[in-house]
Amino acid sequence: MDDYICIVGGKPLKGAISVQGSKNAALPMMAASLLHRGISVLKECPRITDVFCMEQILQALGAVTWWEDHDLYMDCTNADKEEIPEIYTGRMRSSVILLGTMLARNKRGRLGYPGGCVIGKRPIDLHLYALEQLGAVIEKDQMIQGTAPSGLHGNEILFPKRSVGATQQALLASVLAKGETIIKNPAREPEILWLCRYLRTMGAKITGEGTDCIIIEGMEELGPGCMRVPPDRIVAGTYICAAAATRSEITLENVPEGELDAFLDVYCKMGGQYQGNSGKLIVNGQNIHCPIKLLETAVYPGFPTDLQSQVMAVLATVPGESLIREQIFEDRYKAAQELVQMGAHIRISGREARVQGGYPLYGRQVTARELRGGAALVIAALCAKGTTRISGYSFISRGYEHICEDLLGAGARISLGREA
């Protein structure tokens, strides 16, 4: 049984929305907390499905966790179990980064194959390569097993392409490895920088994050971690798209500074306006009217693939033809067929989507098939004529803590229902 979102479209948004803590920052920080045999805390942690799943994984390993409002406490004193069942890993792809932490902590680990949203192949080869470079022996059968009988040892890790998850894996495994580790061609996403900052609160010696080379000096042990989870740049971008699609002006509070530049550049090209003021961002989408000749997703600092579907929904409302080229995940157009049901004119050819915008959207019964595509359907429904019912809320709740409450507070006619 799954919940659904019901939206009566056509009403402009107004008011203020506070951006929640970042999912993509919180999950690797939770994994990092296993590296300390004691209590660590994440403040302002988002209470979303993926965080709860990671919390259950930590508990399955022997950790004791508890919440105080939005502060998550993790006591990993006795988290020495060595296997994560597939019932957990199959629900969330980022669970794979725990293999590195288990190897660093206990010299062995075993977990089921990672799952998550079906948006492409998303192989884990680079994860396993990084661990093998540090001396781990990896075996794959029904599960993935890693052992490091003599512990992990620092080494050079050269990634052939940038990967956020693999970079996180290398960082988590190397901070307790013997000697120095050099990670070349690492990912530069803000979530990498935040993980490094969190690890440094635990006493890790890391330099170079945000550059082409990260250097880690392995430690014998780490202390407790404590950090406030930064605001979620993808959630912020989603709400900016909601204002753009409804041609509205809203104020975002708790905005990630400097992490949305590529997205805001596209937003301005569409005709959007914004103004920063004392940690707030005032966004005005009333003049959105320009199609985008070519929008290509790319690794950071390029345009984030996690906002591609939401911008597609906005472009469906903009007269003229726009072209989107998805270069990160080959199957990230699942929302397109649902948008077409609502009246959007979108043609998919391989990794390209041509959006002929300006046609009216209509309320329909549609289904979210993955996290960000579900957010795109919410955006389309806000500006559609009539009522839209979006099934598959479980996908949306993986990354948005209170999307209905946030938008309701900004004037949207939106509610959460439960399937009979």
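First, a word on scope: everything that follows refers to the structure included in this document. Small disclaimer: the values here were computed from a predicted structure and weren't measured.

**Some details on the overall build of the protein chain**
Step number 1: Counting its regular elements, the protein chain contains 14 helices and 24 strands.
Step number 2: A compact globule built from 420 residues should have a C-alpha radius of gyration of about 22 Å, and the protein chain, at 21 Å, falls within 12% of that.
Step number 3: Each of the three principal axes of the protein chain carries a C-alpha extent, and together these read 65 × 45 × 40 Å.
Step number 4: Counted over contacts in the protein chain with a minimum sequence separation of 6, partners at least 24 positions apart contribute 73%.
Step number 5: Distance between charge centroids for the protein chain: 5 Å, based on 44 positive and 46 negative side chains.

**Observations concerning the environment of Gly21**
Step number 1: Mapped onto the fold, Gly21 is located in the loop between β2 (16-18) and α1 (23-32).
Step number 2: Sequence separation of Gly21 and Val235 is 214 residues, and the distance between their C-alpha atoms is 9.0 Å.

**Here's the deal with the sheet that holds strand β6 (residues 83-84)**
Step number 1: Across the sheet, 4 strands lie side by side as β6-β7-β9-β8; this open sheet has mixed pairing. At either margin of the open sheet sits one strand with a lone partner, and together these are β6 and β8 (137-140).
Step number 2: The sheet contact formed by β8 and strand β9 (residues 144-147) spans 4 bridges and is antiparallel. Among the inter-strand pairings, Glu139 is bridged to a residue of β9, identified as Gln145.
Step number 3: On top of the sheet, helix α4 (residues 98-106) reaches β6, β7 (108-111), β8 and β9; it is set at about 155 degrees to β7, its chief contact.

**Focus: the packing of aromatic side chains**
Step number 1: Under the counting rule described, the total for this entry stands at 5 aromatic pairs.
Step number 2: When the ring of Trp66 is compared with that of Tyr73, the centres are 5.4 Å apart and the planes differ by 0 degrees; the resulting orientation is stacked.
Step number 3: A residue is classified by how much of its surface remains accessible, and Tyr73, at 18% relative accessible area, is buried.
Step number 4: Grouping aromatic residues by their ring pairs yields a cluster made of Phe263, Tyr267 and Phe303.
Step number 5: Positioned above the aromatic ring of Trp194 is the side chain of Arg197, whose terminal nitrogen or guanidinium carbon lies 4.4 Å from the ring centre.

Procedures and definitions
- Residues numbered from 1 in each chain as written.
- Predicted model: local features only at pLDDT ≥ 70, side-chain atom pairs only at ≥ 80, totals over all residues.
- Heavy atoms only, no water.
- Helix = DSSP H or I, 4+ residues; strand = E, 2+ residues; numbered from the N terminus.
- Rg over C-alpha atoms; globule rule 2.2 N^0.38 Å.
- Contact = heavy atoms within 4.5 Å.
- Lys, Arg positive; Asp, Glu negative; His and termini not counted.
- Charge placed at Lys NZ, Arg CZ, Asp CG, Glu CD.
- Pairing = 2+ DSSP bridges.
- Axes fitted to C-alpha atoms, helices over the stretch in contact; angles between N-to-C directions.
- Phe/Tyr/Trp six-rings, centres within 6.5 Å; stacked < 30°, edge-to-face > 60°.
- Buried < 20%, exposed > 50% of the residue type's maximum accessible area, 1.4 Å probe, protein only.
- Lys NZ or Arg CZ within 6 Å of the ring centre and 35° of its normal.

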